[in-house]
Amino acid sequence: MAIHENLLGGPPPTHLPDDPEPRELLAAGTAPSDVAAKYPTSSLAWAQLADDAFEGGRVVESYAYARTGYHRGLDALRRAGWKGHGPVPFEHEPNRGFLRALHALARAAQAIGEQEEYERCSTFLRDSSPTAAETLS
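Within each chain, residue numbers correspond to sequence positions counted from 1 in written order. Given that this is a predicted model, residues contribute local features only at a pLDDT of at least 70 and side-chain atom pairs are listed and counted only at 80 or more, while totals for whole chains, interfaces and linings are drawn from all residues. For side-chain calculations, the full set of non-hydrogen atoms in the structure is used, while hydrogens and water are omitted.

- An unreviewed UniProt entry lists the chain under the name DUF3151 domain-containing protein, with Streptomyces inhibens as the source organism.

Printed below as a string of structure tokens:
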């Protein structure tokens, strides 16, 4: 039996390919809007924009940024073989941008009173990565 065999019969974890440039630029202090403009497929850049907007009280703007990062992340997950469900481990750093965007979307949806989307995104986050759900809350 292979060490990484899934004994529960569910889909294997999805690991997005590494894209270090946006992460490195953000870590170096480059403005998230500049990173998103240069790397528009980076969920991490959009998640950071969503976090900054939310912290600044710009909830609708945060919602829009988070939704963009979420959809960019869904596109990347599908390209990586994800079939619409299954683990997306937070422990794999390239997955964190998508998971952060999903968390930010749930948070902003709750803040604007969109309860159904808040619940859907919160459940999706927990189902994808219990670690992300705990870490990001």
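### With respect to helix α6 (residues 115–128)
Phase 1 of the analysis: For the purposes of this entry, the term helix denotes a DSSP run of H or I that reaches at least four residues, the term strand denotes a run of E that reaches at least two, and both are numbered from the N terminus. By this rule the span expected of a helix is its residue count minus one, scaled by 1.5 Å. End to end, α6 covers 20 Å across 14 residues, agreeing with the expected 20 Å (1.5 Å per residue, within 8%).
Phase 2 of the analysis: Residues of α6 that are buried: Glu117, Cys121, Ser122, Phe124, Leu125 and Ser128. Each buried residue of α6 lies within a common arc of 160 degrees when the element is viewed along its axis, so the set occupies one face. Turned more than 90 degrees away from the buried face of α6 sit Glu116 and Asp127, all of them exposed.
Phase 3 of the analysis: In this structure, the buried residues of α6 make contact with α4 (59–79), α5 (96–111) and α7 (130–136). Relative accessible area decides the class of each residue, using a 1.4 Å probe on protein chains only: under 20% of the type maximum gives buried, over 50% gives exposed, and in between gives partly exposed. Picture the helix axis, draw a direction to every C-beta atom, and the arc is the one those directions span. Note on contacts: a residue pair is in contact if any heavy atoms of the two residues lie within 4.5 Å.

### What to know about the side chain of Asn95
Phase 1 of the analysis: By secondary structure assignment, the location of Asn95 is in the loop between α4 and α5.
Phase 2 of the analysis: When sequence neighbours within four positions are dropped, the list of residues in contact with Asn95 reads Thr14, His15, Leu16, Val88 and Pro89.

### Observations concerning the nonpolar core
Phase 1 of the analysis: The term nonpolar core refers to a set of buried residues drawn from Ala, Val, Leu, Ile, Met, Phe, Trp, Tyr and Cys, joined through side-chain atoms within 4.5 Å. Tyr70, Leu74, Leu77, Phe98, Leu99, Leu102 and Phe124 are the most contacted members of the largest nonpolar core, which totals 25 residues.
Phase 2 of the analysis: Of all elements in the fold, only α4, α5, α6 and α7 reach the threshold of two or more residues within this core.
Phase 3 of the analysis: In terms of residue count, the dominant contributor to this core is α5 (eight residues).
Phase 4 of the analysis: Once you skip the residues sitting within four places of it in the chain, Phe124 turns out to touch Tyr70, Leu74, Trp82, Phe98 and Leu102.
Phase 5 of the analysis: Val35, Tyr39, Ala45 and Leu49 belong to the second largest nonpolar core, which has eight residues in total.

### A word on the side chain of His103
Phase 1 of the analysis: Along the chain, the position of His103 falls in helix α5.
Phase 2 of the analysis: Taking the relative accessible area as the measure of exposure, His103 reaches 15% and is therefore buried.
Phase 3 of the analysis: Contact partners of His103, with chain neighbours within four places excluded, come to Leu125, Leu136 and Ser137.

### Notes on the packing of aromatic side chains
Phase 1 of the analysis: To pair, rings of Phe, Tyr and Trp, with the six-membered ring standing in for Trp, must have centres within 6.5 Å; the planes then decide the type, stacked if under 30 degrees apart, edge-to-face if over 60, and tilted in the middle. Summed over the entire model, instances satisfying the criterion amount to five aromatic pairs.
Phase 2 of the analysis: Taking 6.0 Å as the distance between ring centres and 35 degrees as the angle between the ring planes, the aromatic pair formed by Trp46 and Tyr65 counts as tilted. Here Trp46, found in helix α3 (residues 43–55), pairs with Tyr65, found in helix α4; they are 19 residues apart in sequence, far enough to count as distant.
Phase 3 of the analysis: Looking at Trp46, the relative accessible area reads 16%, which means it is buried.
Phase 4 of the analysis: Judged by centre distance (5.9 Å) and plane angle (65 degrees), the ring pair of Phe98 and Phe124 falls under edge-to-face. Taken as a pair, Phe98 in helix α5 and Phe124 in helix α6 lie far apart in primary sequence, 26 residues in all. As far as burial versus exposure is concerned, Phe98 and Phe124 are alike and both buried.

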